[in-house]
Amino acid sequence: MNVFSTLVWLEFRKGAGWLVALLGIVGLALWAVLRVQDTPFAATPASVESLGLRFLYISLAATGGVVILLLSMVFTSRQDGTLVLLSVPDGSQHLWARFAYYAAFSALFLVLLSVVLWWALSRAQVALSLGAALYLVAYNLVSFWLPMVAGVLLIRQVNLSFALGRMAWLANLVMLVGILNLGGLGILLLGNIAYTLPALPFPTITALGFDINAEVGLLETGLPLELPILGVLTTALFVWLAGRIWNEVEA
């Protein structure tokens, strides 16, 4: 077993309990969806209420998953577990291993939740293939979730490296504002370059034989390829900065 896989395994050992909690949230979402009365999709109050409840429960589950993910990253980062290694790897290796674990953590949660969403929509006779649901999950994972994970790793590493103590809240606030401003700049950049590259197709969603995308004009131009590219670049920048901070402080 090489150093990287060993570090990922150590992260799993520290965060296994949080992973169980995450699976529990998916189970609760499935249980809640099962309790909603099946009503075929139609322009009726009962149908709208049934579909709205399904989306509400799954949205609450997604919010709970974000909270679990953030709590796991905060509470498992203090004990690194590197004493079991013959030689302690540098910070970049450790941060990339930690990021890989939480990326897999996020991907597992989103895939399971997308399966629940796909199944809930099929019960309401809204046709969205499982492959299309997973395709949207992958797009959102790369575009939004992974940069969020990397940003939290960066903020947490600054806290651990410089032992900010009572002023940690202020430093965290400044870093959070900075990351949000960087996100705002990314949105402005995306607005200027969106659809410069070939767009990714938006999956077909049908109900009662009608193509919802065509009926409501939902992203007829497709999904901008630039957004996941910016997500990958932002993720790499945050993890690299966190690794550099670790190496500078520990050197």
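Here the residue numbers are simple positions, counted from 1 along each chain's written sequence. Predicted model: local features are reported for residues with pLDDT of at least 70 only, side-chain atom pairs are reported and counted for 80 or more only, and whole-chain, interface and lining totals are derived from all residues. Hydrogens and water are ignored here; the side-chain numbers use all heavy atoms of the structure.

**Student:** Requested: an account of the overall build of the chain, with residues and values cited.
**Tutor:** A run of DSSP states H or I qualifies as a helix once it reaches four residues; a run of E qualifies as a strand once it reaches two. Both are numbered from the N-terminal end. Counting secondary structure elements, the chain contains seven helices and three strands. The buried share of the chain, reckoned over its 251 residues, is 39%. What makes two residues a contact is simply this: any of their non-hydrogen atoms within 4.5 Å. Long-range contacts, defined as pairs at least 24 residues apart, comprise 79% of the intrachain contacts of the chain with a sequence gap of at least 6. For the chain, the computed accessible surface area is about 13700 Å², with 72% contributed by carbon and sulfur atoms. For every residue, the accessible area (1.4 Å probe, protein chains only) is compared with the maximum for its type, and the residue is labelled buried under 20%, exposed over 50%, or partly exposed between those bounds. Computed with a 1.4 Å probe, the accessible areas rest on the Shrake-Rupley method; for each residue, only the protein chains presented here act as cover.

**Student:** With reference to specific residues and values, describe the packing of aromatic side chains.
**Tutor:** By convention here, two paired aromatic rings are described through the distance between centres and the angle between planes. Pairing of aromatic rings covers Phe, Tyr and Trp, the last through its six-membered ring, and needs centres within 6.5 Å; plane angles under 30 degrees mean stacked, over 60 mean edge-to-face, and all others mean tilted. What the rule picks out here adds up to five aromatic pairs. Measuring from centroid to centroid gives 5.7 Å for Y101 and F105, while their planes differ by 85°, and the two rings are edge-to-face. Taken together, the residues Y101 and F105, both in helix α3 (residues 91-123) and four residues apart, mark about one turn of the helix. A relative accessible area of 3% places F105 in the buried class.

**Student:** Describe the side chain of S106, and please don't skip the residues or the numbers.
**Tutor:** Considering the arrangement of structural elements, one finds S106 in helix α3. The residues touching S106, leaving out its near neighbours within four places in the chain, are L69, L141, W145 and V149.

**Student:** Give me the lowdown on a nonpolar patch on the surface, citing residues and values where you can.
**Tutor:** Patch membership requires more than 30% relative accessible area and the absence of a salt bridge. Residues of like charge join within 9 Å; the nonpolar side chains Val, Leu, Ile, Met, Phe, Trp and Tyr join within 5 Å. Think of a salt bridge as a Lys or Arg side-chain nitrogen and an Asp or Glu carboxyl oxygen that are within 4 Å of each other. A cluster of nonpolar side chains, contributed by L182, L185, L188, L237 and W240, occupies part of the molecular surface with about 510 Å² of accessible area. Of all elements in the fold, only α5 (168-193) and α7 (226-250) reach the threshold of two or more residues within the nonpolar patch. At three residues, the largest contribution of residues to the nonpolar patch is made by α5.

**Student:** Tell me what's going on with the nonpolar core, and back it up with residues and numbers.
**Tutor:** Membership of the largest hydrophobic core comes to 39 residues, with the highest contact counts inside it found for L69, M73, F99, Y102, F105 and F109. Elements with a contribution of two residues or more to this core: α1 (3-34), α2 (45-75), α3, α4 (130-162) and α7. Leaving out residues up to four positions away in the same chain, F109 has contacts with L22, I25, V26, A61, A62, G65 and W145. By nonpolar core we mean a set of buried residues, namely Ala, Val, Leu, Ile, Met, Phe, Trp, Tyr and Cys, connected to one another through side-chain atoms within 4.5 Å. In terms of nonpolar packing, the next biggest core, distinct from the first, is built from eleven residues, V126, A133, Y139 and F202 among them.

**Student:** How would you summarise the environment of G27 if you had to cite specific residues and measurements?
**Tutor:** In this fold, G27 is placed in helix α1. Exposure remark for G27: the relative accessible area of 36% places this residue in the partly exposed category. Through-space distance from the C-alpha of G27 to that of A61 is 9.4 Å; in sequence the pair is 34 residues apart.

**Student:** Describe the side chain of E226, with residues and values.
**Tutor:** The residue E226 is located in helix α7 in this model. Residues counted as positive are Lys and Arg, residues counted as negative are Asp and Glu, and His and the chain ends are not counted. Within the buried set, E226 has no salt-bridge partner at all; the shortest N-O distance to an opposite charge, 30 Å, is to R244. Between N or O atoms, a polar contact is any pair within 3.5 Å; within protein, one atom must be a potential hydrogen donor and the other a potential acceptor, and residues adjacent in sequence are included only when both atoms are from side chains. Engagement of the side chain of E226 in a polar contact is seen with the backbone nitrogen of T196, the distance being 2.9 Å.

**Student:** Outline α1, listing residues and values.
**Tutor:** Multiply 1.5 Å by the residue count of a helix minus one, and that product is the helix's expected span. The terminal C-alpha atoms of α1 lie 44 Å apart, and with 32 residues this matches the ideal 46 Å at 1.5 Å per residue to within 8%. Consider a residue and the seven residues that end there alongside the seven that start there; fitting an axis to each set, the bend is the angle between those axes. The sharpest bend along α1 measures roughly 60° and falls at G15. Among the residues of α1, those classed as buried are T6, L7, L10, E11, G15, L19, L22, I25, V26, A29, A32 and V33.

Structural measurements only, silent on function.
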